[in-house]
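A structural walkthrough
Here is how the chains run, residue by residue.
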Amino acid sequence: MNDKPEKFIDENGLRLDGRQIDEIRPMTIKIGVLSRADGSCYMEWGNNKILVAVYGPRELHPRRLQKSDSALIRYRYNMAAFSVEDRIRPGPSRRSTEISKVSREAFEPVVMTNLYPSAVIDVFAEVLQADAGTRTAAINAASIALADAGIPMKSLVAACAVGKVDGKLVLDLNKPEDNYGQADLPIAMTQDGEITLLQMDGNLTQEEFKQALEMCKKGCLQILEMQKEALKGKFGEDAAIEVPED
Ligand code: ADP
């Protein structure tokens, strides 16, 4: 079945869901929703619904996997069977394994693993409802859940995708844009703009790529503000992330 829209951007420059080309979807954030986890976050971003639980730092078993000078980060991205229109077969898939790997790598440069030798930090990202951009939504929620767990980080990580539809760059792809667009570029970055994840489907010219990075940076800065506001809401104004000495 091909339900590709004829046009993605109307004569007023608005997208199918009424957004401007550089506008992100509405986001709501709830922190500390799971009492057994050390840190947790429930996030809605557009129609995505994501729950992230963080456990640790705790001793890593089996011991042979322990690193004597740092903690190991494990990140599991999983889509619930009921998260999309067709049921998803439970268990890991190529896609979820890849997303878990790149998402873990998005956090490795910021989490101060050197403070917790022989430990493990587990991040479980469960997609309850998927509507394009779940890897970036999960990273945004994981960043907050890690902070909620009190895990020292050099920066929060914010993530957003840029894509191309009707020959134009658009920020934070919705489902039809993701399905039928000409490009999809999910990016994660720190508050200093250090890129910790960059993937790309489709084609962009060099100029478009540069513009996409700029667009994404603006989106990520907005997300960082929302993440910080949410953390301040739970921990108060003094919730500034303190970076301990190496
Ligand atoms: P992301 O969710 O990070 O954008 P993809 O680009 O791989 O990742 O997927 C885009 C969207 O396609 C997902 O958000 C989800 O809505 C849908 N999707 C992904 N995998 C499946 C699947 N196995 N079955 C049905 N829909 C899926």
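To be clear, the structure that these remarks concern was listed above.
Below, the structure is looked at part by part. Predicted model only: the values in this text are computed from it and were never measured. (Residues numbered from 1 in each chain as written. Predicted model: local features only at pLDDT ≥ 70, side-chain atom pairs only at ≥ 80, totals over all residues. Heavy atoms only, no water.)

What about the sheet that holds strand β5 (residues 119–129)?
Read across the open sheet, the five strands follow the order β1-β2-β3-β5-β4; overall the sheet is mixed. Edge strands, defined here as strands with exactly one partner in the open sheet, are β1 (27–31) and β4 (72–79). For this sheet, the mean angle separating the axes of adjacent strands, direction not counted, is 15°. Here five bridges tie β1 to strand β2 (residues 39–45), and the two strands are oriented antiparallel to one another. Among the inter-strand pairings, Thr28 is bridged to a residue of β2, identified as Glu44. Those strands touched by helix α2 (residues 134–148) are β1, β2, β3 (48–59), β4 and β5, and its axis lies near 150° from that of β2. (Pairing = 2+ DSSP bridges. Helix = DSSP H or I, 4+ residues; strand = E, 2+ residues; numbered from the N terminus. Axes fitted to C-alpha atoms, helices over the stretch in contact; angles between N-to-C directions. Contact = heavy atoms within 4.5 Å.)

Comments concerning the environment of Asp201
You can see Asp201 is positioned in strand β10 (residues 201–202). Overall, Asp201 belongs to the exposed group, its relative accessible area being 51%. Along the primary structure Asp201 and Gln66 are separated by 135 residues, whereas in three dimensions their C-alpha atoms are 35 Å apart. Not counting residues up to four positions away in its chain, the partners in contact with Asp201 are Gln182, Ala183 and Asp184. (Buried < 20%, exposed > 50% of the residue type's maximum accessible area, 1.4 Å probe, protein only.)

Details of the pairing of β3
Taken together, the seven bridges between β2 and β3 define a ladder with antiparallel strand orientation. When the sheet's bridge partners are listed, Tyr42 is paired in β3 with Leu51. Counting the residues that bridge the hairpin from β2 to β3 gives two residues, and of these Gly46 lies at a positive phi of roughly 60°. Relative to β5, β3 is paired through nine bridges, and the arrangement is antiparallel. Its bridge partner lying in β5, Glu59 is registered against Ala119.

Observations regarding the pattern of salt bridges
Side chains that carry opposite charge are capable of pairing whenever their charged atoms lie near each other. Scanning the model with the defined rule gives 15 salt bridges in all. Salt-bridge contacts for Glu11 lead to Lys7; the nearest nitrogen and oxygen are separated by 3.4 Å. Glu11 sits in the exposed class, given a relative accessible area of 66%. On the accessibility criterion, Lys7 (46% relative accessible area) is partly exposed. We note a salt bridge from Glu229 to Lys232, for which the minimum N-O separation is 3.6 Å. With Glu229 and Lys232 both in helix α4 (residues 206–235) and three residues apart, the pair spans about one turn of that helix. (Salt bridge = Lys/Arg side-chain N within 4 Å of Asp/Glu carboxyl O.)

Re the site of the ligand
As a matter of local geometry, the ligand sits amid 13 residues, with Arg95, Ala132, Gly133, Thr134 and Arg135 nearest to it. The backbone of Ala132 places a nitrogen or oxygen atom 2.8 Å from an oxygen atom of the ligand. Asp178 has a polar side-chain atom sitting 3.2 Å from an oxygen atom of the ligand. Here the ligand, which alone exposes 530 Å², has 72% of that area covered by the protein. Mapped by element, the contributors of at least two residues to the shell around the ligand are α2 and α3 (175–180). Classifying every residue of the shell around the ligand by side-chain character gives five nonpolar, two polar and six charged. (Near = heavy atom within 4 Å. Polar contact = N/O pair within 3.5 Å; in protein donor to acceptor, adjacent residues only side chain to side chain. Areas by Shrake-Rupley, 256 points an atom, 1.4 Å probe, with all protein chains shown as cover. Nonpolar A, V, L, I, M, F, W, Y, C, P; charged D, E, K, R; others polar.)

Some remarks on the packing of aromatic side chains
Under the defined criterion, the tally for this structure stands at two aromatic pairs. Aromatic side chains Tyr75 and Phe107 sit 6.2 Å apart centroid to centroid with 20° between the ring planes, which places their arrangement in the stacked category. One end of the pair, Tyr75, is in strand β4; the other, Phe107, is in helix α1 (residues 94–107), and 32 residues separate them in sequence. The exposure class assigned to Tyr75 is buried, which follows from its relative accessible area of 8%. The ring centre of Trp45 lies 5.6 Å from the NZ or CZ of Arg25, which sits over that ring. (Phe/Tyr/Trp six-rings, centres within 6.5 Å; stacked < 30°, edge-to-face > 60°. Lys NZ or Arg CZ within 6 Å of the ring centre and 35° of its normal.)

What to know about the side chain of Asn140
Along the chain, Asn140 falls in helix α2. A polar atom in the side chain of Asn140 sits 2.6 Å from the backbone nitrogen of Ala159. The contact partners of Asn140, leaving out residues within four places of it in the chain, are Met27, Met43, Trp45, Val157, Ala158, Ala159, Ile223 and Gln227.

Focus: α2
Relative to the 21 Å expected for 15 residues at 1.5 Å per residue, α2 spans 21 Å between its end C-alpha atoms, a close match to the ideal helical length. Burial within α2 is extensive, with 15 of its 15 residues counted as buried. The positive-phi residue at the C-terminal boundary of α2 is Gly150, with phi of around 75°. (Expected span 1.5 Å × (residues − 1).)

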